[in-house]
Amino acid sequence: MKEWIYAQRDPSERLAQLHFFAVTKKEPGGDVEFVITVKEYVPSKDESMAFFAQADKQTNQKTAPFTPTGWGSTLLKALSECVQAVHKFPYEG
């Protein structure tokens, strides 16, 4: 068990450790780098929601802006979902 989790005094604080990743998306106008932040929350009763990933940029901006995200019981699952979401729509920045 990781000792940082003991810093949380109340579950409503939602203490999380942050992990950072970058992925490059090929677009007709050039490469676009997305920085993905994965939050690793203190374990709770619902382990399926232990990790939340979110990209720093939106896609599909001209039609219906979409922020790529992912949830999972592992860092890999949340990160993979977010990377897939990055590629779901074009970047129109």
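Residues numbered from 1 in each chain as written. Predicted model: local features only at pLDDT ≥ 70, side-chain atom pairs only at ≥ 80, totals over all residues. Heavy atoms only, no water.

What to know about the side chain of H19
Going by this rule: Where helices and strands are cited, they refer to DSSP runs of H or I of at least four residues and of E of at least two residues respectively, numbered from the N terminus. What qualifies as a polar contact is a pair of N or O atoms within 3.5 Å, subject to a donor-acceptor requirement within protein and to the restriction that residues adjacent in sequence count only when both atoms come from side chains. By definition in these notes, contact holds between two residues if any of their heavy atoms fall within 4.5 Å.
Locating H19 in the fold gives a position in strand 1 (residues 16–27). Here E40 takes part through its side chain, which lies 2.8 Å from a polar atom of the side chain of H19. For H19, the residues in contact, after removing those within four places along its chain, are I36, T37, V38, E40 and L75.

Re the sheet that holds strand 2 (residues 30–41)
Put simply, the rule reads: DSSP-based pairing: two strands are paired if at least 2 bridges between them are found. An axis is simply a line fitted to the C-alpha atoms; with a helix, the fit covers only the stretch in contact. Between two such axes, the angle follows the N-to-C directions and lies from 0 to 180 degrees.
Strand order across the open sheet formed by 4 strands is 1-2-3-4, with antiparallel pairing between neighbours. Of all the strands in the sheet, just strand 1 and strand 4 (69–72) have a single pairing partner and so form its edges. Direction aside, the axes of adjacent strands within the sheet are offset by 20 degrees on average. Two elements, strand 2 and strand 3 (residues 51–55), share 5 bridges in a ladder whose sense is antiparallel. Looking at strand 3, one finds that I36 is bridged to A55.

Re the pairing of strand 1
Sheet topology places strand 1 next to strand 2; 12 bridges connect them, and they run antiparallel. In the strand pairing of strand 2, A16 is matched with Y41. With antiparallel pairing between neighbouring strands as the criterion, strand 1 and strand 2 make up a hairpin whose turn holds 2 residues.

Quick word on the packing of aromatic side chains
For clarity, the threshold we go by: Classification of ring pairs uses Phe, Tyr and Trp, with its six-membered ring standing for Trp, and accepts pairs whose centres are within 6.5 Å; under 30 degrees between planes counts as stacked, over 60 as edge-to-face, and the remaining range as tilted. Exposed residues in this analysis have more than 50% of their type's maximum accessible area, buried residues have under 20%, and partly exposed residues fall in between, with area computed by a 1.4 Å probe over protein chains only. Only Lys NZ and Arg CZ are tested; either one counts as a charge over a ring when it is within 6 Å of the ring centre and within 35 degrees of the ring normal.
Using the criterion set out here, one finds 3 aromatic pairs in the structure. Measuring from centroid to centroid gives 4.5 Å for F52 and W71, while their planes differ by 40 degrees, and the two rings are tilted. Residue F52 is found in strand 3, and its partner W71 is found in strand 4; the two are separated by 19 residues along the sequence. For W71, a relative accessible area of 32% translates into the label partly exposed. Above the ring of Y41, the side-chain terminus of R14 is found at 4.0 Å from the ring centroid. Over the aromatic face of F34 sits the side chain of K57, whose NZ or CZ is 5.8 Å from the ring centroid.

Observations concerning the pattern of salt bridges
Defined as follows: Salt bridge, as used here, is a side-chain nitrogen of Lys or Arg placed within 4 Å of a carboxyl oxygen of Asp or Glu.
Counting across every chain of the model gives 5 salt bridges. Of the charged contacts in the structure, one is a salt bridge between E40 and K2, with a shortest N-O distance of 2.6 Å. Pair noted here: E40 is in strand 2 and K2 is in the segment before strand 1, with a separation of 38 residues, a long-range link. Notably, a salt bridge pairs E81 with K77, separated by 2.9 Å at the nearest N-O pair. Linking E81 with K77, this pair stays in helix 1 (residues 75–86), spanning 4 residues, or about one helical turn. Accessibility expressed as a relative area gives 29% for E81, which makes it partly exposed. Taking the relative accessible area as the measure of exposure, K77 reaches 42% and is therefore partly exposed.

Shape is all these values report; function is a separate question.
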